[in-house]
Amino acid sequence: MFSCKIVSCDSDNIPIAAEHNKPLIIGRGPLTKIKDPRLSRNHIEVVADCEKGFLKVTFVGANTCKAGNSILKTKNETVELKHGDAIELLENQYSFRVEFCPVLNQPVKSDTSSSSPQEMVGKQTTLNHFLTKRKSTSADDTVDPSLAKKQKIEDTWEEVDGGKLIVFTTEGVQHKSKIAAFDLDGTIITTQSGKVFPTNPQDWKLNFSQIPGKLKQLLEDGFKIVIITNQAGLSNGKLKPLDFRQKLFDIRAKLGVPIQVFISSGSGIYRKPAIGMWNHLTEHANGSVPVDVGSSFYCGDAAGREAKWAPGKKKDHSSVDRLLATNVGLKFYTPEEFFLGHRSVPHKQPDFEPRNLDAEIPLLEPSDSSLSQDKQEVIVLVGFPGSGKSHFAKHHALQSGYDVINRDSLGTWQKCVTVLERSLDSGKSVLIDNTNPDVESRSRFVRLASARGLPCRCFVMNTSVTHALHNNKFREFTDTSHAPVSRMIFNVYKSKFQDPSLEEGFTEIVRVNFRPAFRSVEDERLYKMYLLED
Ligand SMILES: Nc1ncnc2c1ncn2[C@@H]1O[C@H](COP(=O)(O)OP(=O)(O)OP(=O)(O)O)[C@@H](O)[C@H]1O
């Protein structure tokens, strides 16, 4: 069973509900809010068949109207429309769209307000059932359309990876090689209230009146229309899943075209600018139709534009949309460029450029420094979390015969000191793999070396904070055994940091350059993408 709505394409008026088998007169008057005298009060009569999903339209007015592809001039002329068809009450004017929504997909209002995405999995079993059905009958480019017609294709709401990714595919979506992908907030919709964040789930409107027309054109030009959106509010409790789902139904109705929506509900590989959502689209959610990246594009408002990019405009809150497009290799447009035809404006470059790393850079500076010494020694590393200390320790120090001491694995600096003593007793050289930001943290090891008459060198990671944050994000995606490091820890490091000096008792201070070396081609590909959000 469907519900049927007749949705204005020209205004934000409440959609007109057409009840099953109940004739409804549409024309000039309060229902449509149209006052144009060329429109009869009784212009068309509609009767919805909510079981079969079609709307019978009978012309009863005076001036010509258009329903679907038919021009209706003669009284009592009748056509049958289906979901997505258009009605123009006067030719080329007063456009409406027919919307049939499966009643099954309407959210259950009771006791669901606190549902987490995970809890929703259970509640959505009926919908997930449709997904399975849809997969076998999906109307992709290679499927006989009559088959798709015979077997009803429904909206689907699929949870992937424990709800970290949600895919909402509306009825009528056809898989295509050309993808027209859009961000949601600030691109397709904006707030009605004018506030940056919506004040309630209904606080939205289309960002530009041109959007439905442009999307329709894209559809006619053979694109699949996709929305790729970060919605961390779904996992931090700020956005109720069912509210958001209802919002997407309403947005779809307003857009008037079938859409496929990819929703990242939290952090991780699905969150833009990482390309998890795009990869899921191309690998699992486009039938078997290969995506042509060169003919596809992404449009979003998080484009890194500086303040005053247009009169009165603030700077963009981030660059994630532009960075996602760059990561994938997609053409990129801002909403103003795409929907309004504006020229592109300058934008900020990311602070860290992962593609410009020099694989030939000398590992150590000064370049005549070397890791291995003839004599027993202690090396104290200094560097941000994620700056590459453990990588250096594993790939260079260990290989040169050093014992490596790491506070993360030992727990306390006192234990580090005990293990250091043991290693030195056995005649080994030792590298201390801790962040060691200040004089105090380093002095424990310097003192111990000097008490034994051993040289102690300080190796400082030559890795900027944004580079270290990038490494940290990369590690989050590739090494689940290491807990992600919060920005707060980075700030603590920065606030404690004291530049190491020879006065502390070091015999030499050496800078360690970041010389990229990857475990696999996949790792290298991921590393060279933009992973940070600003
Ligand atoms: N030279 C390198 N080439 C490629 N990847 C690297 C390199 N150095 C570090 N990485 C990657 O960056 C991430 C962080 O590196 P690593 O764990 O060595 O940092 P760390 O300074 O030891 O961090 P923490 O202090 O938080 O333990 C890891 O995923 C690592 O694989």
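What counts and how
Residues numbered from 1 in each chain as written. Predicted model: local features only at pLDDT ≥ 70, side-chain atom pairs only at ≥ 80, totals over all residues. Heavy atoms only, no water. UniProt positions renumbered as here; feature names shortened; annotations may be inferred. Helix = DSSP H or I, 4+ residues; strand = E, 2+ residues; numbered from the N terminus. Buried < 20%, exposed > 50% of the residue type's maximum accessible area, 1.4 Å probe, protein only. Contact = heavy atoms within 4.5 Å. Expected span 1.5 Å × (residues − 1). Axes fitted to C-alpha atoms, helices over the stretch in contact; angles between N-to-C directions. Parallel < 35°, antiparallel > 145°, perpendicular 65-115°, else oblique. Left-handed = near helix turned anticlockwise from the far one by under 90°. Domains from an automatic or database assignment.

- As annotated in an unreviewed UniProt entry, the protein chain is Bifunctional polynucleotide phosphatase/kinase from Daphnia magna.
- UniProt annotates the protein chain under Subcellular location (unreviewed entry) with the comment "Nucleus".

**Observations regarding the overall build of the protein chain**
- Scanning the protein chain from terminus to terminus reveals 16 helices and 25 strands.
- Dimensions of the protein chain, computed from C-alpha atoms along their principal axes, come out at roughly 105 × 50 × 40 Å.
- Burial statistics for the protein chain: of 534 residues in total, 50% are counted as buried.
- Put simply, 69% of the contacts in the protein chain that link residues at least 6 apart link residues at least 24 apart.

**As for helix α12 (residues 413-425)**
- In this model, α12 (13 residues) spans 18 Å end to end at C-alpha, consistent with the 18 Å of a helix rising 1.5 Å per residue.
- Remark: G427 follows α12 within two positions and exhibits a positive phi of approximately 90 degrees.

**Considering the packing of α12 against helix α13 (residues 439-451)**
- Where α12 meets α13, the axes come as close as 11 Å, and the angle between the chain directions of the two elements is 25 degrees. Between α12 and α13, the angle falls in the class roughly parallel. Considering how the two elements wind past one another, α12 and α13 form a crossing that is right-handed. In this structure, α12 uses W413, C416, V417, L420, E421 and L424 to contact α13, whose residues at the interface are R444, F445 and L448.

**Digging into the domain arrangement of the protein chain**
- Here the protein chain is partitioned into domain 1 (2-102), domain 2 (108-340) and domain 3 (364-527).
- If you average the C-alpha positions of domain 1 and of domain 3, the two centres end up 71 Å apart.

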